[in-house]
Amino acid sequence: MAPWTAAMDSALEVAARAPAGGDVPVGAVVLDPAGRVLAAAHNRCEVDRDPTAHAEMLAIRAAAARLGDVRLEGCTLVVTLEPCTMCAGAIVLARPARLVLGAWDPKAGACGSVRDVVRDARLNHRVEVIGGVEADRAAWLLRDFFAGRR
């Protein structure tokens, strides 16, 4: 997991930039095949009044625009929380090589915990999943956010 620590550090920094008291602090970074950052985003659902404005969706859109291609072949998506079903579907369609995630989501995760959309053999693309990278730090960020809301 050590090779992905720096990338997760970047995603955690992006997550921490989510407006306080607004969106759940989830961050996502897309790396090109050489490991350079193509795009980064945090959740913007509340800010944009858009239920699809999850960090993963925004980062995938920005990376695709930057590449000029809908396929992120050879790329890596790094996200602080296991993606939901919507995001997992978008990940399969974008076709990155791998997904690196921080905290697992035992309630709504769709990349190995509750469901496993990104590795479903019935789909046309399967994504390598590397989970639990800096999981404690990612989980702490979320716990801190939700503690402040209770």
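The notes below deal with the structure included here. If you're wondering where the values come from, they're calculated on a predicted model, not measured in any experiment. One numbering rule holds for all chains: residues counted from 1, following each sequence as written. In keeping with the predicted nature of the model, local features appear solely for residues at pLDDT of at least 70, side-chain atom pairs appear and are counted solely at 80 or more, and the whole-chain, interface and lining totals rest on all residues. The basis for every side-chain value is the complete set of non-hydrogen atoms in the structure, without hydrogens or water.

Numbered from the N terminus, helices here are DSSP runs of H or I no shorter than four residues, and strands are runs of E no shorter than two. Secondary structure summary: the protein contains 5 helices and 5 strands in total. For the protein, the α and β elements follow one another from N to C terminus as α-β-β-α-α-β-α-β-β-α. Across the protein, the fraction of contacts at a sequence separation of at least 24, relative to all contacts at a separation of at least 6, is 59%. Computed with a 1.4 Å probe, the accessible areas rest on the Shrake-Rupley method; for each residue, only the protein chains presented here act as cover. Counting every atom, the protein has about 7,500 Å² of accessible surface; 53% of that belongs to carbon and sulfur. Computing the positive centroid from 18 side-chain charges and the negative centroid from 18, the protein places the two 3 Å apart. By the convention used here, residues are in contact when the closest approach between their heavy atoms is within 4.5 Å. Residues scored as charged are limited to Lys and Arg (positive) and Asp and Glu (negative), so that His and the chain ends carry no count. Positions of charges follow a simple convention, taking NZ of Lys, CZ of Arg, CG of Asp or CD of Glu.

The next point concerns the packing of aromatic side chains. Two rings from Phe, Tyr or Trp (for Trp, the six-membered ring) form a pair when their centres are within 6.5 Å of each other. A pair whose planes differ by under 30 degrees is stacked, one over 60 is edge-to-face, and the rest are tilted. By the definition in use, this model includes 1 aromatic pair. Both rings, one in Phe 145 and one in Phe 146, keep their centres 4.9 Å apart while their planes meet at 80°; by these two values the pair is edge-to-face. With relative accessibility at 33%, the residue Phe 146 sits in the partly exposed group. Any residue under 20% of the maximum accessible area for its type is buried, any over 50% is exposed, and the rest in between are partly exposed; the area is computed with a 1.4 Å probe on protein chains only.

Contact geometry for helix 3 (residues 55–67) and helix 4 (residues 85–94): axes closest at 9 Å, N-to-C directions at 20°. The pairing of helix 3 with helix 4 is recorded here as roughly parallel in orientation. Handedness of the crossing formed by helix 3 with helix 4: left-handed. The segment helix 3 lies against helix 4, with Glu 56, Met 57 and Ile 60 engaging Met 86, Cys 87, Ala 90, Ile 91 and Ala 94. Residues are sorted three ways: Asp, Glu, Lys and Arg are charged, Ala, Val, Leu, Ile, Met, Phe, Trp, Tyr, Cys and Pro are nonpolar, and all the rest, Gly among them, are polar. Across the contact of helix 3 with helix 4, the residue classes tally to 7 nonpolar, no polar and 1 charged. For helices, the fitted line uses only the C-alpha atoms of the stretch in contact; every axis is such a line through C-alpha atoms, and the angle between N-to-C directions lies from 0 to 180 degrees. For this classification, under 35 degrees means roughly parallel, over 145 means roughly antiparallel, 65 to 115 means roughly perpendicular, and everything else is oblique. Left-handed describes a crossing whose near helix is turned anticlockwise from the far helix by less than a right angle; the clockwise case is right-handed.

The residue Asn 43 is located in the loop between strand 2 (37–42) and helix 2 (45–48) in this model. You can call Asn 43 buried: its relative accessible area is 9%. A distance of 3.1 Å separates a polar side-chain atom of Asn 43 from the backbone oxygen of Val 24. With near-sequence residues (within four places) excluded, Asn 43 lies in contact with Asp 23, Val 24, Val 26, Ala 53, His 54, Ala 55 and Glu 56. Polar contact is the term for a pair of N or O atoms within 3.5 Å; when the atoms are in protein, one must be able to donate a hydrogen and the other to accept it, and sequence-neighboring residues count only if both atoms are side-chain atoms.

With 6 of its 6 residues buried, strand 3 (residues 76–81) lies for the most part within the structure. The pairing criterion is simple: DSSP has to find at least two bridges between the two strands. In this sheet, strand 3 lies alongside strand 1 (residues 27–31) in antiparallel orientation, the contact comprising 4 bridges. Paired with Val 30 across the two strands is Leu 77, which belongs to strand 3. Note on the crossover from strand 3 through helix 4 to strand 4 (residues 98–103): the handedness is right-handed. Place the viewer so that the strands point away; then a crossover is right-handed whenever the path from the first strand over the helix to the second strand goes clockwise.

Think of a 1 Å grid over the protein atoms and nothing else: a 1.4 Å probe that fits but is trapped marks a cavity, an open set flanked by protein within 12 Å on at least five of seven lines marks a pocket, and residues with an atom within 4 Å of a point count as lining. Grid points are joined across faces, edges and corners, and a volume is the space filled by probe spheres set on the points. Considered as a void within the structure, the largest pocket measures approximately 620 Å³ in volume. Lining the largest pocket are 25 residues, and of these Val 24, Leu 81, Asp 105, Leu 142 and Phe 146 sit closest to its centre. Elements with a contribution of two residues or more to the lining of the largest pocket: helix 2 and helix 5 (135–149). Residue contributions to the lining of the largest pocket peak at 5 residues, all from helix 5. Its residues assigned to classes, the lining of the largest pocket comprises 13 nonpolar, 3 polar and 9 charged.

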